[in-house]
Structure formats: C-alpha cells, structure tokens
Amino acid sequence: MDKARVLHAYRGLIRAILKYERPSKVINWGKLQKAMITKLEYSKKQNPKNSHEDSNRELESWKQLDPVNDRSLNLFISDSKLLRSILKNDIKWEEKVAQGQNADEILEHAFDIIKFLDNQREYEELVDRYNPGNKLTQDEKVKRTANVVGLDVPR
Amino acid sequence: MLASLKNSYVVIRSIKSRLPRLYSLSAQPLGIDNTIENNSPTETNRLSKTSQKFWEKVSLNRNVKKGKIALQLDGTTIKTPLGNEIIIDDTRSLLAYLLKLEWSSLSNISIKTHSLPLTSLVARSIDLQMINKPDCDPQLVAKIGGNSDVIKNQLLRYLDTDTLLVFSPMNEFEGKLRNAQNKSYLPLIKGMEEFLSKFSFQSNVQLQILDADIHGLRGNQQSDIVKNAATKYMNGLSQWDLSILEKTILTTKSFICGVLLLENKKNSSNLLPNLKTDMESIIRAATLETIFQVEKWGEVEDTHDVDKRDIRRKVYTAAIAAFTQ
C-alpha cells in the first residue's frame with residue numbers, strides 16, 4: 001500500500017473539512033466575542049465596588065480576539081471524535097489500509113469527498129462574490145436603492 | 001529500579017508543565033479550551049466543540065439496534081419537504097457525518113437552496129421511497145412530479161440525445177474536439193452497449209449516435225430494444241439509487257454518465273473493464289465541448305468558473321450518496 005497516498009487522503013480530508021467549516025466558525029466566534037464583551041461589561045457595571053483585575057484582563061483578551069485572521073481558532077475540526085470513530089469502526093480505514101485490499105476504493109472515496117467539499121465551498125464563494133446583494137439585509141437594500149436615485153432613507 | 005523510573009517520570013512531567021502549549025502561540029482567548037479531549041461542561045467549551053448554530057444544535061442520533069441514523073436539530077429529526085424524517089441506514093455513516101457537517105457549517109440564517117446539496121439529494125430519495133408505497137396520497141405524488149415510473153420515462157429521454165452520443169463536426173476546433181470525443185466516448189459507448197445487453201433478450205443492443213457530419217442537425221432517438229433494456233436496468237434499482245441516477249443525469253445531461261457514476265461507486269469490482277472510470281473522467285466527458293471552448297475563447301467570468309464548480313459539486317454529491325461502505 002502506498003503510504004504517501006494514504007496520508008495524502010487523510011490529511012486532505014481533514015484539511016477540506018477545516019476549510020469548509022471556517023466561514024461558519026468565524027461567524028460563531030464573532031458572535032461569542034460580542035456576547036462575552038457585553039456580559040463582562042455588564043457585570044462590571046453591576047458590581048462597581050469589586051476590583052475588576054480579572055475581568056479587565058479577560059475583557060482585554062476578548063477585545064483583541066480577531067476571528068477573521070486568527071488561525072489558532074481553526075486548528076481542529078469540530079467533530080473529530082465522530083469522524084474518527086466512523087473511519088475506524090464503520091469504514092475500517094486502518095484495517096483496510098494495513099491489509100492493502102479494498103483500500104483503493106476507500107481512498108478514492110476520500111478524494112471524492114475532498115473534491116465535493118472544496119467545490120461546494122468555492123461555488124458558494126463565487127456566487128457570493130458575483131452577487132454581493134445577496135448578503136445584504138432588507139434595510140440595507142432599501143437604503144442603497146434610495147441612494148441610487150439620490151435620496152436618503154428618513155431616519 | 002522502580003524509584004528511578006518514578007523519578008524520571010516526575011522530571012518529564014515537570015518539563016511538560018513548563019512548556020507552552022503549541023496551539024497557544026498566538027492570541028489565546030481566556031475561558032476557552034481548544035483541546036479536543038477536554039470535556040468540562042462550560043458554555044464556551046460546548047460552543048467551541050459542538051458546532052452549535054445560533055439557536056440550534058445539529059446532531060446524529062444513532063440507533064444501533066435498528067441500524068439507522070437520524071439527523072437532528074435540537075433533538076428533533078429534520079424532515080424532508082414532504083414531511084418524512086431524514087433517517088438513513090447506519091451503513092452510510094460517513095454520509096451521515098457529511099450531512100451533519102453540511103448543517104453545522106451553514107454560515108448565516110438565510111439558508112440558500114444551493115447550500116445543502118447532500119441533504120436535498122437524500123431528502124429526495126427518502127421522499128421517492130415514500131411516494132412509491134401503494135397507499136400514498138396522490139397529492140403528495142403530484143408534488144414530487146409523479147411516481148418513479150414517470151421519472152424513469154423522463155430520464156429515458158436523456159438517452160436519446162445523450163451528451164456522450166452526440167459528436168461534433170470534424171471542421172470545428174480543427175478536428176481536435178472530434179478526436180477527443182472519439183477517444184473518450186467510443187469506448188464508453190461500446191461498454192454501455194455491452195452493459196445494456198445484459199438487460200435485453202436481443203443480442204443487438206446498439207446505441208444510436210448523432211454524428212453532426214453525417215446526420216447534420218436533427219433529433220435523435222434510440223430503438224425500442226435499447227429503451228426496454230434501459231428501463232429494465234432502472235427497474236432493478238432501489239429508489240435511493242434511482243434518485244442518484246436522476247441527479248447525475250440532470251447534471252450531466254447524459255444517461256450514460258448516470259449509469260457510469262452509479263455503477264463505479266456502487267459495485268466497481270464486478271464492472272465491465274470498459275466502463276471502469278473515475279468521477280473526474282465522467283465530468284470531463286460531460287463537459288468536453290465547454291473545455292474546448294474555454295481553451296479557444298477564454299473563460300467567461302460568472303459563467304464558466306461558476307459552472308465548473310457547480311457540475312463538480314453536484315456530481316460529487318451523487319458520488320458520495322452512491323458509495324457503499
């Protein structure tokens with residue numbers, strides 16, 4: 001069995017899943033960041049007498065967090081245990097690779113999954129890029145439509 | 001001996017505790033544990049590990065006894081457009097994992113129609129299974145566009161003008177396209193004839209091709225022998241396989257590509273050598289003319305680049321669903 005190919009398939013699969021998950025993870029982290037900052041600031045206001053060394057530090061680290069550019073947030077796939085157990089118990093990845101029989105089929109399938117994830121992700125990116133209006137909220141659309149004819153939406 | 005072992009163990013542990021964790025080199029937010037193995041029940045941990053969406057949690061509920069896996073949001077099984085629960089055999093656990101991934105990776109609230117291709121294919125096949133039960137409500141059958149006999153007839157029409165059966169004239173692209181078509185289509189057509197003849201009593205199963213040099217511009221039709229054989233093949237398929245065949249045929253505009261994908265993914269070991277192929281070759285065969293056009297005239301933005309991904313994501317969706325573990 002070609003070890004390099006096996007490694008390539010497994011790594012590629014994990015990498016493709018990571019990339020696929022990234023956009024939603026970034027949004028989730030952004031939301032969490034916002035919620036935590038609000039919560040900490042609220043609790044500071046509630047108890048003005050206490051010292052806030054800890055919460056200040058925490059607050060600072062939350063404010064510094066940059067979900068879009070922080071690569072450390074994207075090092076693990078979110079459900080690796082499940083994937084590992086499926087590969088081990090259902091697909092019998094290790095056994096098949098060790099025996100060398102029927103391994104081609106599963107490796108081929110791993111590459112198919114990688115290509116699916118990559119193409120799906122790229123497709124969505126392209127659609128978003130060519131249709132920037134899709135992501136706007138209704139209010140934003142109305143505002144821009146008004147701007148086109150030189151008007152402003154009343155506040 | 002034992003004491004020295006113990007000593008060295010303590011030394012190693014003390015070194016370990018002093019070393020910074022590799023993943024904390026860049027900004028490490030407080031209160032969040034990025035390690036996978038840690039399972040302390042904090043909200044932040046839960047959020048970073050379970051890919052919990054705003055209000056919902058996607059999960060798989062595996063019933064080992066029944067051998068089924070249900071795809072669930074907040075503990076309730078997701079339902080198909082016709083109201084059937086999305087439950088699949090646990091022999092397709094990898095597909096179930098990908099379904100979950102698809103749901104947990106939705107990046108905003110407004111779910112677009114193209115963001116869940118696997119789910120829509122699985123839902124379609126589950127609905128097809130349901131409407132083919134004899135006591136089904138005719139209104140539901142109408143909603144899905146007819147029962148599987150109607151669908152089979154519609155799919156048969158793709159065999160008449162199959163992408164792989166239409167040959168371009170020799171004078172286009174200096175004959176390059178035609179040569180590529182000959183090279184890639186002819187063996188597949190031959191293999192397909194051999195494959196279909198297994199489903200026919202007659203020996204002369206022959207696919208009618210449409211050659212632009214000989215036939216010019218006109219329609220094309222297959223003989224009844226071919227149609228009967230193809231129908232017989234489709235009748236032997238499960239509803240699950242039929243929906244995969246349908247998805248592939250509609251994407252590639254080719255019946256032959258549909259059969260190729262299904263057979264290569266399902267039982268490639270006892271397949272005719274002529275028909276053995278991989279997904280990328282199927283896609284290339286289905287888009288051969290576009291490939292030559294792009295080569296000659298260049299890639300058109302918002303069209304060729306999008307279509308290229310589109311056909312791939314659809315074909316690979318079908319391939320993933322067709323795979324048997």
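Residues numbered from 1 in each chain as written. Chains lettered and ligands numbered in written order. Predicted model: local features only at pLDDT ≥ 70, side-chain atom pairs only at ≥ 80, totals over all residues. Heavy atoms only, no water.

A. Representation of the environment of Arg22(A) within the structure. All names here are of chain A. For Arg-22, the location among the structural elements is in helix α1 (residues 3-46). According to the relative accessible area criterion, Arg-22 is partly exposed, its value standing at 27%. For the pair Arg-22 and Val-68, spaced 46 residues apart in sequence, the C-alpha separation works out to 9.3 Å. Apart from the residues within four sequence positions on either side, Arg-22 is in contact with Pro-67, Val-68 and Asn-74. (Helix = DSSP H or I, 4+ residues; strand = E, 2+ residues; numbered from the N terminus. Buried < 20%, exposed > 50% of the residue type's maximum accessible area, 1.4 Å probe, protein only. Contact = heavy atoms within 4.5 Å.)

B. Here's a closer look at the packing of helix α5 (residues 103-130) of chain A against helix α14 (residues 304-322) of chain B. Between α5(A) and α14(B), the least distance of the axes is 8 Å, while the angle of their chain directions is 145 degrees. Read as a crossing pair, α5(A) and α14(B) show a hand that is left-handed. Together, His109(A), Asp112(A), Ile113(A), Lys115(A), Phe116(A), Asn119(A), Gln120(A), Glu122(A), Tyr123(A), Leu126(A), Val127(A) and Tyr130(A) of α5(A) and Asp305(B), Val306(B), Arg309(B), Asp310(B), Arg312(B), Arg313(B), Tyr316(B), Thr317(B), Ala319(B) and Ile320(B) of α14(B) make up the contact between the two elements. Taken together, the residues that form the contact of α5(A) with α14(B) break down as 10 nonpolar, four polar and eight charged. (Axes fitted to C-alpha atoms, helices over the stretch in contact; angles between N-to-C directions. Left-handed = near helix turned anticlockwise from the far one by under 90°. Nonpolar A, V, L, I, M, F, W, Y, C, P; charged D, E, K, R; others polar.)

C. Spatial organisation of the interface of chain B and chain A. Residue-level contacts link 55 residues of chain B with 49 residues of chain A. Taken together, the links from chain B to chain A amount to five salt bridges. Where Glu280(B) meets Lys115(A), a salt bridge forms, and the shortest distance between an N and an O atom there is 3.9 Å. For the pair chain B and chain A, the number of links is nine residue pairs in polar contact (both at pLDDT 80 or more). Taken together, the elements giving at least two residues each to the side of chain B that touches chain A come down to α2 (43-49), β1 (58-63), α3 (93-104), α4 (117-131), α12 (279-286) and α14 of chain B. It is α14(B) that provides the largest number of residues to the side of chain B that touches chain A, a total of 10 residues. Taken together, the residues of the side of chain B that touches chain A break down into 22 nonpolar, 15 polar and 18 charged. (Salt bridge = Lys/Arg side-chain N within 4 Å of Asp/Glu carboxyl O. Polar contact = N/O pair within 3.5 Å; in protein donor to acceptor, adjacent residues only side chain to side chain.)

D. Structural view of the confidence of the model for chain B. All names here are of chain B. Taken as a whole, chain B shows an average pLDDT of 80; of its residues, 81% reach a score of 70 or greater. Here residues 10-52 is a poorly scored stretch, pLDDT under 50, and it has 52 contacts once near neighbours within four places are set aside; other chains count. Among the prediction metrics, the complex's ipTM stands at 0.85, with pTM recorded as 0.82. (pLDDT = per-residue confidence, 0-100.)

E. Quick peek at the environment of Val58(B). Residues and elements named next belong to chain B. Among the structural elements, Val-58 can be located in strand β1. You can call Val-58 buried: its relative accessible area is 5%. For Val-58, the residues in contact, after removing those within four places along its chain, are Leu-71, Gln-72, Leu-73, Lys-100, Trp-103 and Ser-104.

F. The arrangement of the domain arrangement of chain B in detail. Residue and element names in this part refer to chain B. Domain boundaries assigned for chain B yield domain 1 (39-143) and domain 2 (148-323). Domain 1 and domain 2 are separated by 30 Å when their C-alpha centres are compared. In this assembly, 14 residues from domain 1 lie in contact with 15 residues from domain 2. Interface area for domain 1 against domain 2, summed over the two sides, is near 1,400 Å², with a carbon-plus-sulfur share of 65%. Ranking the residues of domain 1 by area buried against domain 2 places Arg-92, Leu-121 and Leu-128 at the top, with a combined share of 37%. Between Arg-124 and Glu-246 there is a salt bridge, with its nearest N and O atoms 2.7 Å apart. Summed over the shared surface of domain 1 and domain 2, the number is five residue pairs in polar contact (both at pLDDT 80 or more). Residue composition of the side of domain 1 that touches domain 2, by class: eight nonpolar, four polar and two charged. (Domains from an automatic or database assignment. Buried area = accessible area lost by both parts, 1.4 Å probe.)

G. Structural context of helix α9 (residues 224-235) of chain B. Spanning 12 residues, α9(B) covers 16 Å between terminal C-alpha atoms, matching the ideal 16 Å at 1.5 Å per step. On the buried face of α9(B), the contacting elements are α6 (148-160), α7 (176-197), α10 (239-252) and α11 (255-266) of chain B. (Expected span 1.5 Å × (residues − 1).)

H. Representation of the side chain of His304(B). Residues and elements named next belong to chain B. Relative to the assigned elements, His-304 resides in helix α14. A polar atom in the side chain of His-304 sits 2.9 Å from the backbone nitrogen of Val-300. Residues in contact with His-304, not counting those within four places in the same chain, are Thr-290, Val-294, Gly-298 and Glu-299.

I. Just unusual backbone geometry, in detail. Residues and elements named next belong to chain B. One non-glycine residue, Phe-173, lies in positive phi territory at about 50 degrees. Note that Phe-173 resides in the loop between β5 (166-167) and α7. Phi at Lys-253 is positive, roughly 55 degrees, even though this residue is not glycine. Mapped onto the elements of the fold, Lys-253 is located in the loop between α10 and α11.

J. How the structure looks around the environment of Leu13(A). Residues and elements named next belong to chain A. Tracing the chain through its elements places Leu-13 in helix α1. Distance from Leu-13 to Ile-113, taken between C-alpha atoms, is 7.3 Å for residues 100 residues apart in sequence. Once you skip the residues sitting within four places of it in the chain, Leu-13 turns out to touch Ala-110, Ile-113 and Ile-114.

K. Expanded view of the pattern of salt bridges. Scanning the model with the defined rule gives 22 salt bridges over all chains in all. Residue Glu21(A) is joined to Lys25(A) by a salt bridge in which the shortest nitrogen-to-oxygen separation is 3.6 Å. You can see Glu21(A) and its partner Lys25(A) sitting in helix α1, four residues apart, about one turn around the helix. Lys25(A) carries the same exposure label as Glu21(A), and that label is buried. Between Glu140(A) and Arg144(A) there is a salt bridge, with the nearest N and O atoms lying 3.3 Å from each other. Placement of the pair is Glu140(A) and Arg144(A) together in helix α6 (residues 138-148), with a separation of four residues, close to one helical turn. According to the relative accessible area criterion, Glu140(A) is partly exposed, its value standing at 27%. Of the residues examined, Arg144(A) reaches a relative accessible area of 46% and is grouped as partly exposed. Through salt bridges with shared partners, one network takes in Asp90(A), Arg62(B) and Asp90(B).

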